[in-house]
Structures are given as C-alpha cells and as structure tokens.
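Residue-level listing of the chains:
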Amino acid sequence: VPKFLSIYSQALPYKLRAPNTHSTTELVTVLVSDVGSLNTVYEVWKHGGFGVDDADEGASMHCGMEAMEQSRQASRGIQEWREGIAEIAKLAISFESSVLKPSEFSPLK
C-alpha cells in the first residue's frame, strides 16, 4: 500500500488538472483499510449532483454518469496519469468499480 499511495499521490495532480474534466467531478477522499480487507485502497469520486433543485432524479443520475465518463476520458489523455496507473496496475491484484447513489439523508449530495 505505501508504494501504491506514493505512485498515486504523484500522478493524481495530473488527473485532477486534466483538460476537459467535467466541472462537477471531485475527489471526495482516498481511504486505506487497516481492518478487514487489508491492503485495500478506496477512492471516492463525486460526479454530477443530486441537488434539491433536480426535478428528475433519473436525469441527475444520468448527468453524473456522463460527468464520470467525460472525466475518465479526459484523464486518459494525460501521459503522467497513464504512466502512474500502469505502475499501479503492476501492484494490484484486482480493481473494482461501483456507482453509488447517496441516500436522501446523506451529507454528500
């Protein structure tokens, strides 16, 4: 995990500054598990929004998916990020992605 975090922290600024990243994309947190599934790193990103002004929740979710894809494509065009991910891939046993929806009472909207 320390080597992963070192590589990730060096490449991350390039991903965050990638041109054409969707304006709603933000890194919420990076977490490391010390209990349970050891040597697990979680990164939580927020794309789009679920604001109270959204008349159609489905449209908001769709916006979030579009924002996620736009930001992913933007970061793939950045050499320093691609190089970092290539090094991380050598360390990883598996990768898993999930798309999560905040609950009505979640502070993250």
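Shown above is the structure to which this text applies.
Just so we're clear, the structure is a prediction, and the values are computed from it rather than from any experiment.

## Some points on a nonpolar patch on the surface
Judged by side-chain polarity, V28, L31, Y42, V44 and L108 come together as a nonpolar surface patch covering roughly 400 Å² of accessible area. Looking at the element boundaries, L108 is found in the segment after α3 (79-91).

## Description of the packing of aromatic side chains
One pass over the full model with this rule turns up 2 aromatic pairs. Ring geometry for F4 and Y8: centres 5.8 Å apart, planes at 10 degrees, overall stacked. Separated by 4 residues within a single helix, F4 and Y8 lie in helix α1 (residues 2-16), roughly one turn from each other. Seen from their ring centres, Y8 and W81 are 5.9 Å apart, and the 75 degrees between their planes marks the pair as edge-to-face. Within this pair, whereas Y8 is found in helix α1, its partner W81 is found in helix α3, the two being separated by 73 residues in sequence. Chaining the aromatic ring pairs together yields one cluster made of F4, Y8 and W81.

## Quick look at the pattern of salt bridges
In this structure the tally under the stated criterion is 1 salt bridge. Between E87 and K90 there is a salt bridge; the shortest N-O distance is 3.0 Å. On the criterion of helical spacing, the pair formed by E87 and K90 is a turn pair, its members being 3 residues apart in helix α3. Residue E87 is classed as partly exposed on the basis of its relative accessible area, which comes to 34%.

Quick notes on the rules
The residue numbering used here restarts from 1 in each chain and proceeds along that chain's sequence as written. Where local features are concerned, this predicted model is filtered to residues with pLDDT of at least 70; where side-chain atom pairs are given and counted, the filter is 80 or more; whole-chain, interface and lining totals use all residues. Neither water nor hydrogens contribute to the side-chain values; these are computed over all heavy atoms in the structure. Only residues above 30% relative accessible area that lack a salt bridge enter a patch, with like-charged residues linked at up to 9 Å and the nonpolar side chains Val, Leu, Ile, Met, Phe, Trp and Tyr linked at up to 5 Å. Only the protein chains shown count as cover for residues, and all accessible areas are computed by the Shrake-Rupley method using a 1.4 Å probe. Salt bridges are identified by distance alone: a Lys or Arg side-chain nitrogen within 4 Å of an Asp or Glu carboxyl oxygen. Here a helix means four or more residues in a row that DSSP labels H or I, a strand means two or more in a row labelled E, and each is numbered from the N terminus. Between the rings of Phe, Tyr and Trp (Trp by its six-membered ring), a pair exists once the centres lie within 6.5 Å; its type follows the angle of the planes, with under 30 degrees stacked, over 60 edge-to-face, and the other angles tilted. Accessibility here uses a 1.4 Å probe with only protein chains present; expressed as a share of the type maximum, an area under 20% marks a residue as buried, one over 50% as exposed, and anything in between as partly exposed.

Shape is all these values report; function is a separate question.
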